[in-house]
Amino acid sequence: MTTQSNNSNKERWYCVMTKPHEERLSLMHLSRQNFDVYLPYVKCKRLYRRKLQWVTSPMFPRYLFVNLQNFEFMPQIRSTRGVSSLVSFGNKPAQIPTEIITEIRSRCKQDVYTVDQPDFEEGDRVEIITGPYQGMKGIFDRNSSAEERVIVLLEIMSTVANVEVDRELLVKDKD
């Protein structure tokens, strides 16, 4: 959720540190006080209870951005529910370059950046993260005829087997 500013030439963005897991609460209370606030989110697939699910969470856990023209509002921001502090160096709040906020916004759709699934190339080492082959490592062979499935070469009982699995069950092997 974002409150848009009217005059981008006067944007002065600052980083607000929130209390743990209170980014949305801070956003809501700062917005109610008519502050121009920006909280970008990231949406990605995560393994939760052995199932992959889409999860949307703050892009920068415990941080959000506020556009301030006047430092007289600093005490009001610091005392807002959910806010821990303003990120500062010494006694001076750290200003975030407007270009950074603009770049983040350009990559987000409705304040959410969606992490796409990785593309695999023939020969990539992969690991299966859930399902009956969980923890097994293999080599990406090719895409399957089914849109979301791929063929992986696994060594099973001293034999190399072609196994068809859902693309979303694979991650690139870090080893």
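Data block above holds the structure.
Everything numeric in this text was worked out from a predicted model, so none of it was measured. (Residues numbered from 1 in each chain as written. Predicted model: local features only at pLDDT ≥ 70, side-chain atom pairs only at ≥ 80, totals over all residues. Heavy atoms only, no water.)

Trainee: Could you give me a rundown of the overall build of the protein chain, with the residues and numbers involved?
Mentor: From N to C terminus, the protein chain includes 3 helices and 15 strands. Its C-alpha atoms give the protein chain a radius of gyration of 22 Å, clearly above 16 Å, the size a compact globule of 175 residues would have. Over its C-alpha atoms, taken along the principal directions, the protein chain stretches across nearly 70 × 30 × 30 Å. A separation threshold of at least 6 residues defines the contact pool for the protein chain, and within that pool the share at least 24 residues apart is 61%. (Helix = DSSP H or I, 4+ residues; strand = E, 2+ residues; numbered from the N terminus. Rg over C-alpha atoms; globule rule 2.2 N^0.38 Å. Contact = heavy atoms within 4.5 Å.)

Trainee: Please provide a residue-by-residue account of the sheet that holds strand β10 (residues 112–114), values included.
Mentor: The 3 strands lie next to each other as β4-β3-β10, forming an open sheet whose pairing is mixed. Every other strand in the sheet has two partners, leaving β4 (51–58) and β10 as the edge strands with one partner each. Between one strand and the next, the sheet's axes are offset by a mean angle of 40 degrees, whatever the strand orientation. Relative to β4, strand β3 (residues 41–48) runs antiparallel, the two sharing 8 bridges. (Pairing = 2+ DSSP bridges. Axes fitted to C-alpha atoms, helices over the stretch in contact; angles between N-to-C directions.)

Trainee: Mind laying out the pattern of salt bridges, listing which residues take part and the relevant values?
Mentor: Taken as a whole, this structure holds 6 salt bridges when the rule is applied. In this structure, D124 engages K172 in a salt bridge whose closest nitrogen and oxygen atoms are separated by 3.8 Å. With D124 in the loop between β10 and β11 (125–128) and K172 in strand β15 (residues 170–172), this pair connects stretches of sequence that are 48 residues apart. On the basis of relative accessibility, which here comes to 43%, the residue K172 falls in the partly exposed class. Of the charged contacts, one joins D166 and R149 as a salt bridge, the two residues approaching to 2.7 Å between their closest N and O atoms. Residue D166 is found in strand β14 (residues 159–166), and its partner R149 is found in strand β13 (residues 149–156); the two are separated by 17 residues along the sequence. A residue is classified by how much of its surface remains accessible, and R149, at 27% relative accessible area, is partly exposed. One continuous salt-bridge network, built from bridges that share partners, spans R149, E164 and D166. (Salt bridge = Lys/Arg side-chain N within 4 Å of Asp/Glu carboxyl O. Buried < 20%, exposed > 50% of the residue type's maximum accessible area, 1.4 Å probe, protein only.)

Trainee: Any details on unusual backbone geometry? Residues and values, ideally.
Mentor: Of note, H21 is a non-glycine position whose phi angle comes to about 60 degrees, a positive value. Along the chain, H21 turns up in the loop between β1 (13–18) and α1 (23–32). Classification of H21 by relative accessible area gives exposed; the value is 76%. If you check the backbone angles, M157 has positive phi at about 50 degrees while not being a glycine.

Trainee: Can you explain the side chain of D124? Please cite residues and give values.
Mentor: Within the local environment of D124, its side chain forms a polar contact with the backbone nitrogen of E121, the two atoms lying 2.8 Å apart. Beyond its immediate chain neighbours, meaning those up to four positions away, D124 contacts D119, G138, I139, F140 and K172. (Polar contact = N/O pair within 3.5 Å; in protein donor to acceptor, adjacent residues only side chain to side chain.)

Trainee: Residue-level account of the sheet that holds β14, with values.
Mentor: One open sheet accounts for 5 strands, arranged β14-β13-β12-β11-β15; its pairing is antiparallel. Among the strands making up the open sheet, the edge pair consists of β14 and β15. Taking each pair of neighbouring strands and ignoring which way they run, the sheet shows an average axis angle of 45 degrees. Judged from the 8 bridges that link them, β13 and β14 form a sheet pairing that is antiparallel. Looking across to β14, one finds that V150 is bridged to V165.

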